[in-house]
Amino acid sequence: MSEAVIRPAAGYESARPDLLASLDPLLRAWLPRQRWFAGKGRPVTGFTLVAATALRPSGLLHLLVRAEQAGGPAQGVPAQGDPAAGPGDCYQLLLGVRPTLPPQLAPALIGHAEHGPLAGSAVYEGVHDPRAAALLLERLRIPGRIGVLRFEQAPGAEIPGGLTPRMLGAEQSNSSLVYGDRYILKLIRRVVPGLNPDLELPLLLAREGCTRVPAPAAWCTAELDSGEPLTLGVLQPFLAGAEDGWELALRTLAKGDDFTAEAYALGEATAEVHAALAAAAPQVSLGPPQREVIADEMVQRLRDTAQDVPMLRPYVPALTDAFEELRQLPDADIGFAQRVHGDLHLGQCLRAPDGTWQIIDFEGEPARPLSERRREQPAMRDVAGMLRSFDYAACSVPEAGLGWAAACREAYCAGYAAAGGADPAAHAVLVRAYETDKAVYEVLYEARHRPDWLPVPMAAIRRLSAAAPGNPVVRTPPRRPRP
Ligand SMILES: Nc1ncnc2c1ncn2[C@@H]1O[C@H](COP(=O)(O)OP(=O)(O)O)[C@@H](O)[C@H]1O
Ligand SMILES: O=P(O)(O)O[C@H]1O[C@H](CO)[C@@H](O[C@H]2O[C@H](CO)[C@@H](O)[C@H](O)[C@H]2O)[C@H](O)[C@H]1O
C-alpha cells in the first residue's frame, strides 16, 4: 500500500502534512455525494493526500486526494509504486478557503474546518468561485509549472484573458467551466496516471485536420515523482449555440417529428471521425487470441455486474451466448481494431448552429481502466453505443412511436456506411456483442448513479437476451417501463 505522498509545491500549504486533519471530516461527508464520485455504495475509510498546490493569490488549493474505500478502487488494481494509484481512487479537488463565505458562494460550501491548519475557515468548491475560475484560465494562458502542476498550450494558441467564467450546470462525470462562450475547460475528477484519451485523441485528430472534434487549446497535467503524468484538465473552443444530440432527439420525439435525417448525419460524422482516427493512430488486426480476450472480458464484466445488480442475474446465460458468438467469428467479420471514441452516445454529439455535428468527450467509459480505454477496438463498438442511445431516447419519451428508434438506428447505420465506414448490417454478431456489453455497462452505471433509469437498460437486456442471433441492427425497442 502506498503511503501519503505530499509534494512540496509553490505554496506553503503543500508542505503541511496536517492539512488532512482540517479536510478529512468535511470530505467524508461531501465527496461521496458528488455525481462524479466513482466509488458509490462503499464507505470511505480515509484519505491520502497525493499532492497539494496553493494557487495564489486567491486562497485556492489544488488537491489530489485518494479516497480509500473497502474493496479498493473503482477502476481496478492499481499500478505498483505509483503514488496516484493505491487502495482507492484519486480525485482532483479545487478548494477555496476563506474566513467567511460571501452569500453568493453559500451553495458551494463544503463545510467549516474545525481542526488543523484551516481551523475556523470556510472550505468550498472552488470551481463555483468566479475569481478562482478566472485564476485557472490565467494559469492556462501562461505555459509553465507550479508545484506538481504543468500547464501547456497547443502551438499557435492565443487564448484571450479576462473572459467571464461560468460553471456548466450539467450533471456530469467531470466538471466544466465555460469562459465567455469562447472556451470550455473540462476538469477531470477521477484522475489516473497516464495520458487521458480526451486530450490524446482530439490532439491527434487536430493534427490529422479533422474538424469534427474541437481541438485542445491548452491543458494541465500533474507530474508526480514517479509514474506517468496525470491529465487533469483540457481547454477547448466552446461551440456556442450548439445543442446536444440527446436534447435534440428528446425535443424531436416529444413533437412527434422525424429524426432520421439527423441520425443519418450522425452516422456520417462517426464514420469521418473513425477514418481520421484510423489514419492518425495505427490499426491492429484482431486474430483469434484477441477475440478470445474481448469475449472473456465481456463475459467477466457481465458476471461482475450481475454480482452488483441482482436483477441482471436471470439473463446471464442468454447474454453470455452473445459474447460466445464472438469467439467463432471468421477474421473477415471482425476486421481491424483501431482507436475509437469508447463512450459514444447522443449526449456526446453537438449540433452546431450551421447544422454540422461535432463529437466531444473521448475519455471513454469513465469507470473502465485507462489502459483498456486507450486500447484499439473494433469501430463497431462506437456504432453499438449510438444504437443504444436511440433506444434510450425512445424509452424516455412515453409518446415515442415504436418505430422511432428502429428508423433512427437504420438511418444511422446507412449514414455510417455511406461515409466510408464498414456496413454495420454486415457485422451483426459484433454489433450485437458490443450492444450487449454496452447495455451491461449501462445497468451498472444507472444502478450507481441514476437508479430511476435502470428500467431503460434492463429493457434492452430483456430484448437482447430474448433475441436470436442475427439482424440486431434494426429492431423495435420496447417502451420504457415507467418507474
Ligand atoms: N466544445 C464544447 N462546446 C460546447 N459545449 C460543450 C463542449 N464540450 C462539452 N460541452 C458541454 O459540456 C457537457 C459535458 O462535457 P463532456 O466532455 O461530455 O463531460 P463529461 O465527461 O463530464 O460528461 C456536454 O454534454 C456539452 O453540453
Ligand atoms: O457523458 P458521460 O461521459 O458522463 O457518460 C456517462 O453518462 C451518460 C449519461 O449522462 C451515460 O449514457 C447513457 O445515458 C444517455 C442518456 O442520458 C444515453 O444517451 C446513453 O446511450 C446511455 O449510455 C454513459 O453511458 C456514461 O458513460
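For clarity, every value in this text was computed on a predicted model and none was experimentally measured. (Residues numbered from 1 in each chain as written. Chains lettered and ligands numbered in written order. Predicted model: local features only at pLDDT ≥ 70, side-chain atom pairs only at ≥ 80, totals over all residues. Heavy atoms only, no water.)

For helix α1 (residues 19–30), which comprises 12 residues, the first-to-last C-alpha distance of 17 Å matches the rise-based estimate of 16 Å (1.5 Å per residue) to within 8%. Among all positions in α1, only L19, L20, S22, L23, D24, L26, L27 and W30 are buried. Tucked into the core, α1 has its buried residues touching β1 (44–55), β2 (60–69), β3 (88–98), β4 (109–112) and β5 (122–125). (Helix = DSSP H or I, 4+ residues; strand = E, 2+ residues; numbered from the N terminus. Expected span 1.5 Å × (residues − 1). Buried < 20%, exposed > 50% of the residue type's maximum accessible area, 1.4 Å probe, protein only. Contact = heavy atoms within 4.5 Å.)

A separate point is the site of ligand 2. Within the structure, ligand 2 sits among 16 residues, and S173, D343, S389, Y441 and E442 are positioned closest to it. Here D343 contributes a side-chain N or O atom positioned 2.7 Å from an oxygen atom of ligand 2. At a separation of 3.0 Å, an oxygen atom of ligand 2 approaches a polar side-chain atom of R450. For ligand 2, the accessible surface in isolation is 530 Å², of which the surrounding protein chains cover 91%. The set of elements that each furnish at least two residues to the shell around ligand 2 consists of α10 (380–396) and α12 (428–449). With four residues, α12 is the single largest residue contributor to the shell around ligand 2. In the shell around ligand 2, the residues fall into six nonpolar, four polar and six charged. (Near = heavy atom within 4 Å. Polar contact = N/O pair within 3.5 Å; in protein donor to acceptor, adjacent residues only side chain to side chain. Areas by Shrake-Rupley, 256 points an atom, 1.4 Å probe, with all protein chains shown as cover. Nonpolar A, V, L, I, M, F, W, Y, C, P; charged D, E, K, R; others polar.)

Right, let's talk about unusual backbone geometry for a bit. One non-glycine residue, D181, lies in the positive phi region at around 55 degrees. Examined against the element boundaries, D181 turns out to sit in the loop between β9 (175–179) and β10 (183–187). Judged by its relative accessible area of 37%, D181 is partly exposed. With a phi close to 60 degrees, D361 is a non-glycine residue in the positive phi region. Relative to the helices and strands, D361 is located in the loop between β18 (357–359) and α9 (370–373).

In the neighbourhood of ligand 1, 17 residues make up the surrounding shell, with Q172, N174, K186, Q236 and L239 lying closest. L239 is positioned such that a nitrogen or oxygen atom in its backbone is 2.8 Å from a nitrogen atom of ligand 1. Residue Q348 places a side-chain N or O atom 3.3 Å away from an oxygen atom belonging to ligand 1. Summarising the interface, the protein chains cover 86% of the accessible area of ligand 1, which totals 550 Å² for the free molecule. Mapped by element, the contributors of at least two residues to the shell around ligand 1 are β10 and β13 (230–237).

So, about the confidence of the model for the protein. Per-residue confidence for the protein gives a mean pLDDT of 88, with 89% of residues at or over 70. A low-confidence stretch, residues 76–81 (pLDDT under 50), is modelled with five contacts involving residues beyond four sequence positions or located in other chains. Across the predicted assembly, pTM comes out at 0.90 and ipTM at 0.98. (pLDDT = per-residue confidence, 0-100.)

This part covers the pattern of salt bridges. For the coordinates displayed, the defined rule picks out 37 salt bridges. Measuring nitrogen to oxygen at the nearest pair gives 2.6 Å for the salt bridge that ties E324 to R327. Of the two residues, E324 and R327 both sit in helix α7 (residues 316–328), three residues apart, roughly one turn of that helix. Judged by its relative accessible area of 28%, E324 is partly exposed. The shortest N-O distance in the salt bridge between E435 and R409 comes to 3.2 Å. With a gap of 26 residues between them, E435 in helix α12 and R409 in helix α11 (residues 404–418) connect regions that are remote in the sequence. Here the residues in one salt-bridge network are R301, D343, E365, R368, E372, R381, D437 and K438, joined through shared partners. (Salt bridge = Lys/Arg side-chain N within 4 Å of Asp/Glu carboxyl O.)

Quick look at the side chain of S175 now. Looking at the secondary structure, you find S175 in strand β9. For S175, a relative accessible area of 5% translates into the label buried. A distance of 2.8 Å separates polar atoms of two side chains, one belonging to S175 and the other to R189. Discounting chain neighbours no more than four positions away, the residues touching S175 are W36, M167, L185, K186, L187 and R189.

With that out of the way, let us pick up the packing of α12 against helix α13 (residues 455–466). Relative orientation of the contacting elements α12 and α13 amounts to 145 degrees, with a least axis distance of 9 Å. Handedness of the α12/α13 crossing: left-handed. Of the residues in α13, those touching α12 at R432, E435, T436, A439, V440, E442, V443 and E446 are P457, M458, A460, I461, R463 and L464. Looking at the contact of α12 with α13 residue by residue, the classes come out as eight nonpolar, one polar and five charged. (Axes fitted to C-alpha atoms, helices over the stretch in contact; angles between N-to-C directions. Left-handed = near helix turned anticlockwise from the far one by under 90°.)

This part covers the side chain of E363. With respect to the element layout, E363 can be found in the loop between β18 and α9. On the basis of relative accessibility, which here comes to 5%, the residue E363 falls in the buried class. Discounting residues that sit within four places of it in the chain, E363 has contacts with N174, K186, I188, N196, P197, D198 and R373.

This part covers empty space enclosed by the protein. Counting across every chain of the model gives six cavities of 30 Å³ or more. There is about 260 Å³ of room inside the largest cavity. Lining the largest cavity are 16 residues, with A38, S173, P366, A367 and H449 positioned closest to its centre. Of all the elements, α12 adds the most residues to the lining of the largest cavity, at five residues. Looking at the second largest cavity, its volume works out to about 80 Å³. (1 Å grid on protein atoms, 1.4 Å probe; cavity = no way out; pocket = protein on both sides within 12 Å on 5 of 7 lines; lining within 4 Å. Points joined across faces, edges and corners; volume = space filled by probe spheres on them.)

On to the sheet that holds β13, then. The sheet built from seven strands is open, its strands ordered β6-β7-β12-β13-β10-β9-β8 with antiparallel pairing. The open sheet has two edge strands, β6 (144–146) and β8 (165–167), and neither has a second partner. Direction aside, the axes of adjacent strands within the sheet are offset by 20 degrees on average. The sheet contact formed by strand β12 (residues 218–222) and β13 spans five bridges and is antiparallel. By the bridge assignment for β13, A218 is matched with L235. (Pairing = 2+ DSSP bridges.)

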